[in-house]
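Now for the letters of each chain:
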Amino acid sequence: MQRTATAAIDINALKRNYQIIKSCAPNANILTVLKANAYGHGLIRIAKSLPFADAFGVARIDEALELRAGGITQPIVLLEGFFDEHDLQIIAVNNFQTIVHSEEQLQSIEHAALESPISVWLKVDTGMHRLGVPPEQFNAFYQRLRDCKNVQANMRLMSHFGCADEYQHPNTNAQLTLFNQLTADKTEQKSFANSAAICSLPNALFDWVRPGLMLYGISPFEEAAEPEAVKRLDPVMTLYSSIIAIRALRAGESVGYGAAWQSKKDTKIAVVAIGYGDGYPRHAPNGTPVLINGRIVPLIGRVSMDMITVDLGIDANDKVGDYVELWGKKLSVATIAQAAQTIPYELLCNISRRVKIDVSA
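Conventions used here
Residues numbered from 1 in each chain as written. Predicted model: local features only at pLDDT ≥ 70, side-chain atom pairs only at ≥ 80, totals over all residues. Heavy atoms only, no water. Salt bridge = Lys/Arg side-chain N within 4 Å of Asp/Glu carboxyl O. Helix = DSSP H or I, 4+ residues; strand = E, 2+ residues; numbered from the N terminus. Buried < 20%, exposed > 50% of the residue type's maximum accessible area, 1.4 Å probe, protein only. Arc of directions from axis to C-beta. Contact = heavy atoms within 4.5 Å. Polar contact = N/O pair within 3.5 Å; in protein donor to acceptor, adjacent residues only side chain to side chain. Axes fitted to C-alpha atoms, helices over the stretch in contact; angles between N-to-C directions. Parallel < 35°, antiparallel > 145°, perpendicular 65-115°, else oblique. Left-handed = near helix turned anticlockwise from the far one by under 90°. Nonpolar A, V, L, I, M, F, W, Y, C, P; charged D, E, K, R; others polar. Pairing = 2+ DSSP bridges. Phe/Tyr/Trp six-rings, centres within 6.5 Å; stacked < 30°, edge-to-face > 60°. Lys NZ or Arg CZ within 6 Å of the ring centre and 35° of its normal.

### Quick word on the pattern of salt bridges
Close approach of charged atoms lets side chains of opposite charge pair.
Part 1: Throughout the structure, instances matching the rule amount to 14 salt bridges.
Part 2: Notably, a salt bridge pairs Asp 234 with Lys 329, separated by 2.9 Å at the nearest N-O pair. A residue pair is termed long-range when its members are at least 10 positions apart, and Asp 234 in the loop between helix 10 (228-231) and strand 10 (237-249) and Lys 329 in the loop between strand 17 (323-327) and helix 11 (333-339) qualify at 95 residues.
Part 3: Residue class for Lys 329 comes out partly exposed when judged on its relative accessible area of 38%.
Part 4: The residue Asp 278 makes a salt bridge to Arg 354 at a minimum N-O spacing of 2.7 Å.

### Section: helix 7 (residues 138-147)
Part 1: Of the positions making up helix 7, those classed as buried are Phe 138, Phe 141, Tyr 142 and Leu 145. Buried residues in helix 7, looked at end-on, bunch into an arc of 100 degrees, giving them a common side.
Part 2: The elements touched by buried residues of helix 7 are helix 6 (103-111), strand 6 (119-123), strand 7 (156-158) and helix 8 (170-183).

### Focus on the side chain of Thr 267
Part 1: Here Thr 267 is to be found in strand 13 (residues 267-272).
Part 2: Look at Thr 267 and you get buried, because its relative accessible area is 3%.
Part 3: Within polar-contact distance, the side chain of Thr 267 engages the backbone nitrogen of Gly 313 at 3.3 Å.

### Some remarks on the environment of Ile 314
Part 1: The residue Ile 314 is located in the loop between strand 16 (308-311) and strand 17 in this model.
Part 2: Sequence spacing of Ile 314 and Val 290 is 24 residues, and the spatial spacing of their C-alpha atoms is 17 Å.
Part 3: The residues contacting Ile 314, other than those within four sequence positions of it, are Asp 266, Thr 267 and Lys 268.

### Some remarks on the packing of helix 6 against helix 7
Part 1: Direction vectors running N to C along helix 6 and helix 7 enclose 15 degrees, while the axes themselves pass 10 Å from each other. Our classification of the angle between helix 6 and helix 7 gives roughly parallel. Here helix 6 runs over helix 7; the crossing is left-handed. Along its contact with helix 6, which presents Glu 103, Leu 106, Gln 107 and Glu 110, the element helix 7 presents Phe 141, Arg 144 and Leu 145.
Part 2: Looking at side-chain class alone, the contact of helix 6 with helix 7 contains three nonpolar, one polar and three charged residues.

### Some details on unusual backbone geometry
Part 1: Phi at Ala 36 is positive, roughly 55 degrees, even though this residue is not glycine.
Part 2: Tracing the sequence through the fold places Ala 36 in helix 2 (residues 35-40).
Part 3: For Ala 36, a relative accessible area of 35% translates into the label partly exposed.
Part 4: Its identity as a non-glycine residue notwithstanding, Phe 206 has a phi of 50 degrees, on the positive side.
Part 5: Residue placement: Phe 206 occurs in the loop between helix 9 (195-200) and strand 9 (208-209).

### Some details on the pairing of strand 3 (residues 55-58)
Part 1: Here strand 3 shows no split at all, with Ala 55 and Gly 57 on one side and Phe 56 and Val 58 on the other all buried.
Part 2: Taken together, the three bridges between strand 2 (residues 29-33) and strand 3 define a ladder with parallel strand orientation. Its bridge partner being in strand 3, Leu 31 is matched across the sheet by Ala 55.
Part 3: Sheet analysis places strand 3 next to strand 4 (residues 76-78), joined by three bridges and oriented parallel. The residue of strand 4 that forms the bridge with Val 58 is Leu 78.

### With respect to the packing of aromatic side chains
Part 1: Under the definition given, this model contains 10 aromatic pairs.
Part 2: Both rings, one in Tyr 39 and one in Tyr 216, keep their centres 4.9 Å apart while their planes meet at 25 degrees; by these two values the pair is stacked. Of the two residues, Tyr 39 is situated in helix 2 and Tyr 216 in the loop between strand 9 and helix 10; the sequence distance between them amounts to 177 residues. A single burial state applies to Tyr 39 and to Tyr 216, both of which are buried.
Part 3: Judged by relative accessible area, which is 7%, Tyr 39 ranks as buried.
Part 4: Here a set of aromatic residues connected by ring pairs shows up, and it is made of Phe 161, Phe 179, Phe 192 and Phe 206.
Part 5: Between Arg 144 and the ring centre of Phe 141, over which it is positioned, the NZ or CZ distance is 5.9 Å.
Part 6: The side chain of Lys 186 reaches across the aromatic face of Tyr 142, ending 4.9 Å from its centre.

### Focus on helix 6
Part 1: Those residues of helix 6 lying buried are Gln 105, Leu 106, Ser 108 and Ile 109. Buried positions in helix 6, seen along its axis, are confined to an arc of 160 degrees and lie on one side of it. Seen from the buried face of helix 6, the exposed residues on the opposite side, beyond 90 degrees, are Glu 104 and His 111.
Part 2: Looking at the buried side of helix 6, the elements it contacts are helix 5 (87-93), strand 5 (96-100), strand 6 and helix 7.

### Quick look at the pairing of strand 17
Remark: a regular strand shows side chains that alternate across the two faces of the sheet.
Part 1: For strand 17, a buried count of four out of five residues is recorded, marking the element as mostly surrounded by other parts of the structure.
Part 2: Two elements, strand 10 and strand 17, share four bridges in a ladder whose sense is antiparallel. Each residue of the ladder has a partner; that of Ser 241, found in strand 17, is Val 324.
Part 3: Relative to strand 17, strand 14 (residues 289-292) runs antiparallel, the two sharing two bridges.

Right, dumping it as structure tokens:
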């Protein structure tokens, strides 16, 4: 049977990864990150598979509303906060929680007419210089939120690492030291650790951890630097398709648009039903590994919208309909990302709507 691009989602692997996270941070609550359609794995599908999660984190309010519409009742945190003062009414009605990282957000909360107060996470910029209150303004923001009638008493304090996936990077220790100094006299719950910090920085676990990539079975580290816990992670997604044509190619003949690859010898090539229209990286170069019948074969020619071609070798016995793994259980998405000069996050998030989903539990 010929298959088109399909993403197999292994729910048991997801649950095992969650337990690995829990073993790394046994005393912390887990804010499970589901932004960008749960890293391409399906927002509602992943949330419903983790009924024991302490809370879910999303980037945008539309994602939070989709979760509520899908029957998800756990706390939902807006990791970028809100973008419009009118969102505060939606946040209050749906019992969302929001990060506060700017003066504009704080003023909107102070001036809002809400029927009930909302739960907030105050984010301080400890050195990543992306989102967060400047350290010198942290205490003032903290006190204004404490005094605000629209803010619940259970405020939480947080920051975000920029280099936790690079062992012994000086910025990491500097960020953690500053966070500890700023929050030393604060009794509120705290959160700092992303996936990389969960595995490598036990003194940064605090009250809440925020796993993203590792929940889906992908290492945030380079392979040579992986902690033991990361080696036990199991990829949740396997992207696969099938061979839809096999052709004989003579030495000197080219393949695909722009004649970007030319065979140096007689060979057989296979056409596989997947392309950048499915989320496979458009700029994956010649030689990018593809797994067919237990062996690695090289991508050849340009990636098309719907197809790729691979060099099977002159003695190949592969046939039309054979299963092709693009990444997953046997071929790491990190390997493909490295070949395409990108990161696993981008490949997972780029899975398109036309990719079929095959869920196993």
